[in-house]
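Secondary and tertiary structure notes
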Amino acid sequence: PSLALVSSSMESENRQIVEEQHKGKGFRKDYSIGETIRSPYHMIIEPTSDQAIQAVSLLNKHDFAFVKRSDGSYSYAILAYRSMEPNK
């Protein structure tokens, strides 16, 4: 991409701030349920499937996540219920 270095640096700082403030805990006041993500810097993308599964396993009731939809978009969601039963 053809972003200026200043923009790239700013986006990196913004991502770090978002990660520190919103690590999936609680909710975000800047999104409504079902709203499509406005910037990829608003979510944390784990580099491997194993790390993604680990991150999901740490979510608690009422934590937020951006959920990938069948059309490939991501939307804001709140975990309303979590079964602790093992998958069959």
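What comes next is a walk through the structure. (Residues numbered from 1 in each chain as written. Predicted model: local features only at pLDDT ≥ 70, side-chain atom pairs only at ≥ 80, totals over all residues. Heavy atoms only, no water.)

A short note on the environment of Arg69
Relative to the helices and strands, Arg69 resides in the loop between strand E1 (64-68) and strand E2 (74-78). Note on Arg69: relative accessible area 40%, which makes it partly exposed. Residues Arg69 and Thr36, spaced 33 residues apart in sequence, show a C-alpha to C-alpha distance of 9.8 Å. (Helix = DSSP H or I, 4+ residues; strand = E, 2+ residues; numbered from the N terminus. Buried < 20%, exposed > 50% of the residue type's maximum accessible area, 1.4 Å probe, protein only.)

Overview of the side chain of Arg28
Relative to the elements of secondary structure, Arg28 occurs in the loop between helix H1 (5-22) and helix H2 (49-57). The buried category is assigned to Arg28, whose relative accessible area is 3%. At 2.6 Å, the side chain of Arg28 and the side chain of Asp30 are in polar contact. For Arg28, the side chain forms a polar contact with the main-chain oxygen of His42, separated by 3.4 Å. (Polar contact = N/O pair within 3.5 Å; in protein donor to acceptor, adjacent residues only side chain to side chain.)

Remarks on the nonpolar core
Counting 6 residues, the largest nonpolar core consists of Tyr31, Ile37, Met43, Phe64, Phe66 and Tyr76. Each residue touching Ile37, except ones within four places of it in the same chain, is listed here: Tyr31, His42, Met43, Phe66 and Tyr74. (Core = buried A, V, L, I, M, F, W, Y, C linked by side-chain atoms within 4.5 Å. Contact = heavy atoms within 4.5 Å.)

Such coordinate-based values are descriptive only and should not be taken to indicate function.
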